[in-house]
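Below are the chains, spelled out letter by letter.
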Amino acid sequence: MDFKQRLYDKYYTSHYKRFLPRTCSEWKWAVDRIHMNFGEILCAMPRDSLVLDVGCGVGYLEYYLLKNGFTRVQAIDICSEQIEVAKQKLLECKLDFEGKVKFSVENAFEHLRKNTGYDVIAIFDLLEHLTKQEVIDLLELSYFALSSSGLLIARVTNADNLMFGRFFYHDFTHEVLFTPDSMRQCLESVGFEVLKVDYEKIPDLPRARARLLGWFKSRVRHFGLAILGKFFGFSPASLSEDLIAVARK
């Protein structure tokens, strides 16, 4: 069996389960990340826009879209475990997704070859799992799967972060890192008009009492790196874990 398929089959139980938000405030933080970086774009879209979430994971984007009134969402992931967790989480949050979100276990490449007409395609935390050739192939398929003037929104691991190894190498399936320049290069090479490539903005971490020490360490680390950034001439914003991108067909 291919090593990636072996890992993806148990992606939730062998890996992501350790990172899943445990409290309502932590889940809200994960969803607030989406709103802070893509909310202005998504909330300006008609609520009957056809949205495809490629690599939907445990359903953060589906939660956000349902909360904001979207009614035509397709969510695909190669890992059935992730999709089951996503469904369960929406039910726990009393969000009715019947007839509004269609979940399916599918290969992203195969899905995009067979389906078109999307107003928005979201690719969050997926491109870094692909080879360079696969990145270009997936972006090209996404371009042709979008409707005229459709939007691609993406989030990828940020290679400009001096501590990128903490985020990149914690997952054995990661293959490639991105800088703002390389992300723009990939998007433009397949025909996209790049509207935005930027360092992801992150909301403050929830100050759960059980994790107060961890929160304090995070704030001290961020402050210290910001000082180093000023001293060595790099932007504190570049210390974000991820990059975000918005592009139009």
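Here the structure is a predicted model, which is why all the values come from computation and not from measurement.

Provide a residue-level description of the nonpolar core, including the pertinent values.
Judged by nonpolar contacts, the single largest core of 41 residues is most densely connected at Leu-20, Leu-42, Val-58, Tyr-60, Leu-65, Phe-103 and Ile-153. With seven residues, the single largest contributor to this core is helix H3 (residues 24–42). Not counting the four nearest positions on each side in its chain, Leu-20 is found in contact with Tyr-12, Trp-27, Val-58, Tyr-60 and Val-85. Core analysis: the second largest hydrophobic core is formed by 36 residues, Ala-154, Val-176, Leu-187 and Tyr-199 among them.

Which residues make up the sheet that holds strand S4 (residues 118–124), and what values do they have?
Ordered by their spatial adjacency, seven strands build an open sheet running S3-S2-S1-S4-S5-S7-S6, and the pairing between neighbours is mixed. Since the sheet does not close on itself, it has two edges, and those belong to strand S3 (101–105) and strand S6 (193–199), each with one partner. Direction aside, neighbouring strands of the sheet carry axes that sit 15 degrees apart on average. Strand direction decides the pairing type here: S6 and strand S7 (residues 242–248), joined by six bridges, are antiparallel. Across the sheet, Glu-193 pairs through a bridge with Arg-248, a residue of S7. In the packing of H3 onto the sheet, the strands contacted are S4, strand S5 (146–157), S6 and S7, and the crossing angle to S7 comes to about 10 degrees. Contacts from helix H5 (residues 80–92) reach strand S2 (73–77) and S3, with the element oriented near 155 degrees to S3.

Before we move on, can you summarise the pattern of salt bridges with the specific residues and values?
This structure, assessed with the given rule, holds eleven salt bridges. Measuring nitrogen to oxygen at the nearest pair gives 2.8 Å for the salt bridge that ties Arg-33 to Glu-200. One end of the pair, Arg-33, is in helix H3; the other, Glu-200, is in the loop between S6 and helix H10 (212–232), with 167 residues separating them in the sequence. Its relative accessible area of 4% is what places Glu-200 among the buried residues. The partner of Arg-248 in a salt bridge is Glu-193, with the nearest N and O atoms 3.3 Å apart. Taken as a pair, Arg-248 in strand S7 and Glu-193 in strand S6 lie far apart in primary sequence, 55 residues in all. Residue Arg-248 is classed as partly exposed on the basis of its relative accessible area, which comes to 30%. Overall, Glu-193 belongs to the partly exposed group, its relative accessible area being 41%. Salt bridges sharing common partners tie together Arg-33, Asp-125, Arg-155, Glu-200 and Asp-242.

Describe the packing of H3 against helix H4 (residues 60–67), listing the residues and the values that go with them.
One can describe the packing of H3 onto H4 by two numbers: an axis separation of 9 Å at closest approach and a directional angle of 60 degrees. Considered as vectors, H3 and H4 are oriented oblique to each other. The hand of the H3/H4 crossing is right-handed. Taking contact as the criterion, the partners of Trp-27, Ala-30, Val-31, Ile-34, His-35, Gly-39 and Leu-42 in H3 are, on H4, Tyr-60, Leu-61, Tyr-63, Tyr-64 and Leu-65.

What counts and how
Residues numbered from 1 in each chain as written. Predicted model: local features only at pLDDT ≥ 70, side-chain atom pairs only at ≥ 80, totals over all residues. Heavy atoms only, no water. Core = buried A, V, L, I, M, F, W, Y, C linked by side-chain atoms within 4.5 Å. Buried < 20%, exposed > 50% of the residue type's maximum accessible area, 1.4 Å probe, protein only. Helix = DSSP H or I, 4+ residues; strand = E, 2+ residues; numbered from the N terminus. Contact = heavy atoms within 4.5 Å. Pairing = 2+ DSSP bridges. Axes fitted to C-alpha atoms, helices over the stretch in contact; angles between N-to-C directions. Salt bridge = Lys/Arg side-chain N within 4 Å of Asp/Glu carboxyl O. Parallel < 35°, antiparallel > 145°, perpendicular 65-115°, else oblique. Left-handed = near helix turned anticlockwise from the far one by under 90°.

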